[in-house]
Amino acid sequence: MKMKTLLASVTVLTASLMGAYDVKTVELVPVKFQKTPSHAPVKMIENGKLNFAIVADLKAEARMQYKNRTQKSIGPAIVILKEAVKKCTGVEPQVLDVKDAAKAKYMIVVGDNEITRKNGIDVTKLPTQGLAVKTFEKGIIIAGNDSSLIAGYNTKPLENRGSSFGTKYGVYDFVERFLGVRYYFPGEYGTLWPEIKNLTLTPVSYTDAPYFNDRNGIFYLGDSIHSPRGRQFWTKYLGKLTKEDARFWDRWRMGGTIPVGGSHSPFPERIAKAYPDKLTTIFYKSPAGNHWYNSKAHVGNYYDVVNFGFADLLIESAKKYYASKGKDNKYGFSGCNATYFSFGMCDTLLPDTEVINHPIVRELGLMTQKDLDRNKEFSGVISEDNAGMANIYARFHQYLAKRMQKELPGISLYIMAYYNAQFAGTDPRWILPPNTEVNLCLGAMPNNTRNPKVAEKVVKIAKEWYISLGNRPVQKMWLYAGTDPFAQAVNGEFVSDLPKLFGKYLGRTGVFFDHCINAPGNYWYYYYSYYAAYRSMWSPDWNPAAAIDAHWEKFYGAEAGKYLRQFHQHLRYCYQKYAMTSEKVVRTIVYPIPEIEKLEALLAKAGKAVKKGSVEEKRYKLVAAPWASTFNRVRNQLSYERPIHNVYQLLRKEKVVIDGKGTEKFWSKAKNMKLIDPRGTTRPAKYPAEIKLAWDKQGIYGLFTMKHSPILADPKRDLFANDNFEFFLSPGMKREVEYQFVFDGLKQTFFGTQRHRPIPQPFDSHWKVKGFKLECTRGKDFFTAEFFVPYSAMFVKAPAVYDTWHCNVVQNKISRPGEYNGTAMTLGRNHNLDMYGLIKFAGKGE
């Protein structure tokens, strides 16, 4: 066995030294081969000696410097090529201007120039971002569609196009396909630079271009290592990081040229400030009097899409914005340019009950029983109440788009189909005009592309949009990676399924992969999955599973790589077996213990196989980092026993003064509720709060204290952005109704309630709590909250001694370093009532 492994290693080494390459390798995206040129093989590198120079029109982009607004492609492509050649050969290649090309024995010609054109490559005929690679008797030509060579590109007001980097993408393709370079993750450990002693080019010609124009997720990947916090966190895993690494997304061919559209727009705080006297026009006010406006955060705001007064205000604001060429943007427009005007809601879900009795909704029949039944039809695939408002939004979108046709001709309305706006209207009265495009947000994708039952429902959502758009496809799709390691490790491989799954219902404008977590994030632990995702956006015909399988031995060494490949293959197998066979989206993934043990064993074997102190060991530490806690989380979840906490009963003589001080003697008798990581790991709390409860015949008393420095209590912040506590109760044992009480050190409060049984009802975030009392005291290193919840507020009678209720307490330490603790293993979902612990109302003196 050892001899076979040694021979395999020698074979790989020999291949790299000889410069062997496979232009059809499964590791890279397939390309479109053209007629093979007729010439002899070209010896570009012999025994470590470079026989070529890099040749380009070095002034081509400079000549266009003031004639367009775009980033360069040819200049950066030369830098990329020089780096790769030097890393692989130890020799830096010479760079010549095209007028001096005769000085070179052989050449790598970069970008458009007379040599490129003489050899039959017309870059103007290549698709946007397209590339061409072609050998000839003097070497090889790499050229592409570069916006840096197009006069007038992106010079119009608000044109806002991205750059076309055809040549740069072509060079990346060359160094990967011919030199064997692999850009897996940023930092000094993340790139594979094979040693090249010889390289002979055989005749070949091919072209390539991205399937999706816009391949996005740049913010998350860039911010993860560009921000000081992210850079500090990831350096220990990725090695030294440079400024160039902050643009690592470039190496994965992320980007696009079509202007951005279909985003959250306008920003609520900006438009509220622009029109302080029109808050009831902008933000929805229900018939019950609930005004969905939150002055301190994005969440909690809801635009009034029932009354056209808000649409009129948007149009008038948009006209001023466009008339000023975008300079007058006090309204907070985002994703608004010469091509698109974006409209998208805030991250807030409005319950159907808030709108169903609105006079306009009732008069026009905008929310019928058929609409409400769609919520049931898509249950388990979408969030609650996503479908009921479909025709309300369709009417609003139609009105907005028709006004734009008349008053802003040439600009399309780009809808962010998200939350209540996720579904297309089905009422033929509200068919959308042709100046409308859709960015469809699907929380179930790509994690469920191969789950037939879930996928069927999700495709139906896209089909309904296709019909509503007048038989035109959704142009853009917003995907979600989720936060579960088992999903993140494999879901990037499923992005390639999208075009085949959605067919004619999905256009080719773009895909945005939402990684859900800001810096430092956890993306690089699963670099192989995200690498697969973005390569699949470029070419869905690529086989991501085969490519990822092939990379392990090369990147980690033969033996360790073999075990890591088997580890990842088993992750893929388990995900498809346990997470893709349910009728509903699986939010928290749990595998049987035998599967966990097999994964642990393979990971351990890989760890033993890597050479100590080697770069392969450093890479292994990155891959292995998230799994110990993940496996512990599964074990803890499977062995979880619901905690029972005694609630101290006040003696007749013991009284409580709600003053935020907690100086009453009985509090010393009340037992502290133990805090754990709600996600199920064994991580101990570094900043545990003290959580104590007491009761009498009137209600429940609480004394909660955080002790750390500094306490985050900023009056300009929403309470969820400050250090805060969340207190959840569900009276009795039937888990029928849930009550939520949230407060911070400034006495800012939030109350919510939801009925779960016998008939589930929407969450009510405007619950009016009668009789609730709260007082807080705060210092630099502590925050104490003392509160009282009367039973009458929850419409229940006082419990009897030894009665039990479901309860969950959450401590959110937002100040850095942040910490998230709770009294129940809710798997990170605070409203996961089925996992709540119990409180037992103790007898006197207990």
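Cut-off values and rules
- Residues numbered from 1 in each chain as written.
- Predicted model: local features only at pLDDT ≥ 70, side-chain atom pairs only at ≥ 80, totals over all residues.
- Heavy atoms only, no water.
- Helix = DSSP H or I, 4+ residues; strand = E, 2+ residues; numbered from the N terminus.
- Rg over C-alpha atoms; globule rule 2.2 N^0.38 Å.
- Buried < 20%, exposed > 50% of the residue type's maximum accessible area, 1.4 Å probe, protein only.
- Areas by Shrake-Rupley, 256 points an atom, 1.4 Å probe, with all protein chains shown as cover.
- Salt bridge = Lys/Arg side-chain N within 4 Å of Asp/Glu carboxyl O.
- Disulfide = S-S within 2.5 Å.
- Pairing = 2+ DSSP bridges.
- Axes fitted to C-alpha atoms, helices over the stretch in contact; angles between N-to-C directions.
- Contact = heavy atoms within 4.5 Å.
- Parallel < 35°, antiparallel > 145°, perpendicular 65-115°, else oblique.
- Left-handed = near helix turned anticlockwise from the far one by under 90°.
- 1 Å grid on protein atoms, 1.4 Å probe; cavity = no way out; pocket = protein on both sides within 12 Å on 5 of 7 lines; lining within 4 Å.
- Points joined across faces, edges and corners; volume = space filled by probe spheres on them.
- Nonpolar A, V, L, I, M, F, W, Y, C, P; charged D, E, K, R; others polar.
- Phe/Tyr/Trp six-rings, centres within 6.5 Å; stacked < 30°, edge-to-face > 60°.
- Lys NZ or Arg CZ within 6 Å of the ring centre and 35° of its normal.
- Patch = residues over 30% accessible without salt bridge, like charges linked within 9 Å, V, L, I, M, F, W, Y side chains within 5 Å.
- Lys, Arg positive; Asp, Glu negative; His and termini not counted.
- Charge placed at Lys NZ, Arg CZ, Asp CG, Glu CD.
- Expected span 1.5 Å × (residues − 1).
- Polar contact = N/O pair within 3.5 Å; in protein donor to acceptor, adjacent residues only side chain to side chain.

1. A word on the overall build of the protein chain
Tallying secondary structure elements over the protein chain gives 22 helices and 29 strands in all. Relative to a compact globule of 846 residues, whose C-alpha radius of gyration would be 28 Å, the protein chain shows 30 Å and is just as compact. On the principal axes, the C-alpha backbone points of the protein chain span a range of 100 × 70 × 50 Å. The buried share of the protein chain, taken over its 846 residues, is 59%. Approximately 35,200 Å² of the protein chain is accessible, and the part contributed by carbon and sulfur atoms is 53%.

2. Brief notes about the pattern of salt bridges
Should the charged atoms of two oppositely charged side chains come close, the side chains can pair. Scanning the model with the defined rule gives 43 salt bridges in all. One salt bridge in this structure joins Lys168 and Asp250, with 2.9 Å as the shortest N-O distance. On the criterion of sequence distance, the pair formed by Lys168 in helix H5 (residues 166-177) and Asp250 in the loop between helix H7 (228-238) and helix H8 (268-274) is long-range, its members being 82 residues apart. Accessibility expressed as a relative area gives 2% for Lys168, which makes it buried. Of the charged contacts, one joins Lys330 and Asp328 as a salt bridge, the two residues approaching to 3.0 Å between their closest N and O atoms. Looking at Asp328, the relative accessible area reads 21%, which means it is partly exposed. A single network of salt bridges, built from pairs that share partners, joins Asp173, Glu176, Arg177, Asp208, Arg253 and Arg535.

3. Quick word on the state of the cysteines
Covalent bonding between the sulfur atoms of two cysteines is what defines a disulfide. Scanning the model with the defined rule gives zero disulfides in all. Of the cysteine sulfurs around Cys807, a residue in no disulfide, the closest is that of Cys776, at 18 Å. Owing to a relative accessible area of 2%, Cys807 belongs among the buried residues under this scheme.

4. Digging into the sheet that holds strand E14 (residues 340-343)
Hydrogen bonding along the main chain pairs the strands of a sheet, whether they run parallel or antiparallel. As summarised here, the arrangement of the six strands in space is E13-E18-E17-E16-E15-E14, forming an open sheet in which the pairing is parallel. Taken across any chain shown, the strands that pair with only one partner, and hence form the sheet edges, are strand E13 (214-216) and E14. The sheet shows a mean angle of 20 degrees between the axes of neighbouring strands, taken without regard to direction. Across the sheet, helix H14 (residues 452-468) touches strand E15 (412-417), strand E16 (436-441) and strand E17 (474-480), and the angle it forms with E16 is around 170 degrees.

5. Section: the packing of helix H17 (residues 527-538) against helix H18 (residues 544-556)
Running from amino to carboxyl end, H17 crosses H18 at an angle of 135 degrees, the nearest separation of the two axes being 10 Å. One way to sum up the angle between H17 and H18 is to call them oblique. Along this stretch, H17 crosses H18, giving a crossing that reads as right-handed. On H18, the residues that touch Tyr527, Tyr528, Tyr531, Ala532 and Ser536 of H17 are Pro544, Ile548, His551, Trp552, Phe555 and Tyr556.

6. Side note on empty space enclosed by the protein
This model, assessed by the stated rule, comprises one cavity of 30 Å³ or more. Lining of the largest cavity is provided by Asn646, Val647, Tyr648, Lys669, Ala670, Lys671 and Glu846. Here the lining of the largest cavity is composed, by residue class, of three nonpolar, one polar and three charged.

7. Digging into the pairing of E14
Here E14 shows two buried faces, one formed by Tyr340 and Ser342 and the other by Phe341 and Phe343. As paired strands, E14 and E15 are joined by four bridges and run parallel to one another. Paired with Phe341 across the bridge in E15 is Leu413.

8. Section: the packing of aromatic side chains
To describe a pair of aromatic rings, you give the distance between the ring centres and the angle between the ring planes. Under the defined criterion, the tally for this structure stands at 83 aromatic pairs. With centroids separated by 6.1 Å and ring planes inclined at 50 degrees, the aromatic side chains of Tyr184 and Tyr527 adopt a geometry described as tilted. In this pair, Tyr184 sits in the loop between strand E9 (182-183) and strand E10 (191-192) while Tyr527 sits in helix H17, placing the two residues 343 residues apart along the sequence. Exposure remark for Tyr184: the relative accessible area of 3% places this residue in the buried category. The class of Tyr527 is buried, set by a relative accessible area of 0%. Between the aromatic rings of Phe751 and Phe772, the centroid separation amounts to 5.0 Å while the plane-to-plane angle is 70 degrees, which identifies the pairing as edge-to-face. Here the residue Phe751 occupies a position in strand E24 (residues 749-755), and Phe772 occupies one in the loop between E24 and strand E25 (773-778), the gap between them amounting to 21 residues. Across this residue pair, the class does not change: Phe751 and Phe772 are buried. When the ring centre of Phe33 is taken as origin, the NZ or CZ atom of Lys24, which lies over that ring, is 5.4 Å away. In this arrangement the basic side chain of Arg619 is found over the ring face of Phe555, its NZ or CZ atom lying 3.8 Å from the centre.

9. Details of the packing of helix H10 (residues 308-323) against helix H13 (residues 390-407)
Orientation of H10 relative to H13, taken along the N-to-C sense of each, is 30 degrees, at an axis distance of 10 Å. The chirality of how H10 crosses H13 is right-handed. Side by side, H10 and H13 meet where Phe308, Phe310, Ala311, Asp312, Leu314, Ile315, Glu316 and Lys319 of the first sit next to Arg395, Phe396, Tyr399, Leu400, Arg403, Met404 and Glu407 of the second. Here the contact of H10 with H13 is built from residues that sort into nine nonpolar, no polar and six charged.

10. Here we look at a positive patch on the surface
A cluster of like positive charges, contributed by Arg652, Lys655, Lys697 and Lys844, occupies part of the molecular surface. For Arg652, the position within the fold is in the loop between strand E19 (644-649) and strand E20 (690-695).

11. Remarks on unusual backbone geometry
For residues other than glycine, phi is negative in most cases, and the peptide bonds are mostly trans. With an omega dihedral of 0 degrees, the bond running from Ser265 to Pro266 counts as a cis peptide bond. The topology assignment puts Pro266 in the loop between H7 and H8. At the junction of Arg816 and Pro817, the peptide bond is cis and its omega measures out at 0 degrees in the coordinates. Secondary-structure assignment places Pro817 in the loop between strand E27 (804-813) and strand E28 (819-822).

12. Some points on H14
Between its first and last C-alpha, H14 extends 24 Å over 17 residues, near the 24 Å set by a 1.5 Å rise per residue. When we look at burial in H14, the residues that qualify are Val454, Ala455, Val458, Val459, Ile461, Ala462, Glu464, Trp465, Tyr466 and Ser468. Considering only its buried residues, H14 is in contact with helix H12 (369-377), E15, E16, E17 and helix H16 (498-502). Of the residues trailing H14, Gly470 is marked for its positive phi of about 75 degrees.

13. Quick word on H5
With 12 residues, H5 should reach 16 Å at 1.5 Å per residue; the first-to-last C-alpha distance of 16 Å fits that figure. Most of H5 sits inside the fold, with 12 of its 12 residues counted as buried.

14. Brief notes about the side chain of Ser539
Note on placement: Ser539 falls in the loop between H17 and H18. For Ser539, a relative accessible area of 7% gives the class buried. Non-local contacts of Ser539, meaning those with residues more than four positions away in its chain, are made with Val29 and Pro30.

15. A closer look at the sheet that holds strand E6 (residues 106-110)
The seven strands lie next to each other as E1-E12-E7-E8-E6-E4-E5, forming an open sheet whose pairing is mixed. Only two strands of the sheet have a single partner each, and these edge strands are strand E1 (32-33) and strand E5 (94-97). By the bridge criterion, two bridges tie E1 to strand E12 (residues 205-208) in an arrangement that is antiparallel. Within the sheet, the bridge partner assigned to Phe33 lies in E12 and is Tyr206. Strands in contact with helix H3 (residues 74-89) are strand E4 (52-56), E5 and E6; relative to E4, the strand with the most contacts, it is inclined by about 170 degrees. Along the sheet face, H5 touches E6, strand E7 (131-136), strand E8 (139-144) and E12 and points at about 140 degrees away from the line of E8.

16. Here we look at the side chain of Glu27
On the secondary structure map, Glu27 appears in the loop between helix H1 (2-18) and E1. Judged by relative accessible area, which is 7%, Glu27 ranks as buried. Looking at Glu27, its side chain comes within polar contact range of the side chain of Lys554, at 2.6 Å. Not counting the four nearest positions on each side in its chain, Glu27 is found in contact with Arg182, Tyr184, Tyr531, Trp542, Ala547, Ala550 and Lys554.

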